[in-house]
Amino acid sequence: MQPTAARTLANRLASDQPEKALKVARAIEAPWFRCQALSQVARYWPDGKYDRILVEAMRAADAQDHVFNQVAVSAWPIRAYLERGNSPPANKLLVKGTKASRMIENMGSRSEALFSIFQASKPFAADLWQPVFCALVEAAEPALSWRQLRNLKNAVAMVSGSDPALVRRL
């Protein structure tokens, strides 16, 4: 089965057949899609042992060769932790991803990776997403890619309603 099809199947099964979904997710060879599928399974896991699945998802994310891929796909386990009401590990992943993003040389890719984890955290506590937002603003300069401007505009639009002072300050 293709990685995208397997991820879609795991996602579809996650809410009503979690054990089967976990088996499908674990069988995905491509780390990016395995991370996404495992994160979705963890979101719906019926008991408190979802955390072990998210640790497995992060191992898949970290198994990738490129820092961009590691940071960008970490948005899925970050969001799953937050949706499960477990912000401490999500915060650790946000800090880790924000720091690691500095190693992404391509500024457009750096902005994309940061925007992914920003989107994952934005609906939750401001102390989670504000450092990522600040890093995203910093990643807009020097402006070398259209993606930087797009991500900055979208992030500013997301923040301006709840924290216009932060937008003005940055």
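Residues numbered from 1 in each chain as written. Predicted model: local features only at pLDDT ≥ 70, side-chain atom pairs only at ≥ 80, totals over all residues. Heavy atoms only, no water.

Participant: Could you clarify how one ought to interpret the packing of helix H1 (residues 3-13) against helix H2 (residues 18-26) in this entry?
Facilitator: Pairs of packed helices are described in terms of their axes, by the angle between the two and the distance that separates them. Orientation of H1 relative to H2, taken along the N-to-C sense of each, is 165 degrees, at an axis distance of 8 Å. For the element pair H1 / H2, the angle class is roughly antiparallel. Note on packing geometry: the crossing formed by H1 with H2 is left-handed. On the side of H1, the interface is formed by Ala6, Leu9, Ala10 and Leu13, while H2 contributes Pro18, Lys20, Ala21, Val24 and Ala25. A class-by-class count of the residues in the contact of H1 with H2 yields eight nonpolar, no polar and one charged. (Axes fitted to C-alpha atoms, helices over the stretch in contact; angles between N-to-C directions. Helix = DSSP H or I, 4+ residues; strand = E, 2+ residues; numbered from the N terminus. Parallel < 35°, antiparallel > 145°, perpendicular 65-115°, else oblique. Left-handed = near helix turned anticlockwise from the far one by under 90°. Contact = heavy atoms within 4.5 Å. Nonpolar A, V, L, I, M, F, W, Y, C, P; charged D, E, K, R; others polar.)

Participant: Would you explain the layout of surface pockets in this entry?
Facilitator: Leftover empty space is mapped by rolling, across the atoms, a probe with the size of a water molecule. Roughly 170 Å³ of volume is contained in the largest pocket. If you trace the largest pocket, you find it lined by Arg7, Asn11, Gln36, Ser39, Gln40, Arg43, Ala75, Trp76, Arg79, Ala80, Glu83 and Ser116. Counting only elements with at least two residues in the lining of the largest pocket, the list comes to H1, helix H3 (31-44) and helix H6 (75-83). Looking at side-chain class alone, the lining of the largest pocket contains three nonpolar, five polar and four charged residues. (1 Å grid on protein atoms, 1.4 Å probe; cavity = no way out; pocket = protein on both sides within 12 Å on 5 of 7 lines; lining within 4 Å. Points joined across faces, edges and corners; volume = space filled by probe spheres on them.)

Participant: Even after reading the chapter, I still don't get the environment of Ala113, so can you show me in this structure?
Facilitator: Relative to the helices and strands, Ala113 is located in helix H8 (residues 107-121). For Ala113, a relative accessible area of 0% corresponds to the buried category. Expressed as a C-alpha distance, the spacing of Ala113 and Gln148, which sit 35 residues apart in the sequence, is 11 Å. Contact partners of Ala113, with chain neighbours within four places excluded, come to Phe68, Val71, Ala72 and Ile104. (Buried < 20%, exposed > 50% of the residue type's maximum accessible area, 1.4 Å probe, protein only.)

Participant: Sorry, what's going on with the nonpolar core here?
Facilitator: Within soluble globular proteins, side chains that are nonpolar generally end up buried alongside one another. Counting residues in hydrophobic clusters, the biggest one holds 53 residues, and the most contacted among them are Val41, Ile53, Ile78, Leu114, Ile117, Phe118 and Phe133. Not counting the four nearest positions on each side in its chain, Val41 is found in contact with Ala10, Ala14, Pro18, Ala21, Leu22, Ala25 and Ile53. (Core = buried A, V, L, I, M, F, W, Y, C linked by side-chain atoms within 4.5 Å.)

Participant: Mind showing me how you'd approach helix H9 (residues 126-138) here?
Facilitator: What sets the pattern is the α-helix's 3.6 residues per turn: residues three or four places apart point alike. When the terminal C-alpha atoms of H9 are compared, their 18 Å separation across 13 residues agrees well with the 18 Å that a helix rising 1.5 Å per residue should span. Three or more residues of H9 are buried, namely Leu128, Trp129, Val132, Phe133, Ala135, Leu136 and Val137. Buried-residue contacts for H9 involve H6, helix H7 (87-101), H8, helix H10 (146-160) and helix H11 (164-169). (Expected span 1.5 Å × (residues − 1).)

Participant: Mind showing me how you'd approach the side chain of Glu112 here?
Facilitator: With respect to the helices and strands, Glu112 occurs in helix H8. Of the residues examined, Glu112 reaches a relative accessible area of 18% and is grouped as buried. Beyond its immediate stretch of four places on either side in the chain, Glu112 contacts Phe68, Arg147, Arg150 and Asn151.

These figures come from the coordinates and say nothing about function on their own.
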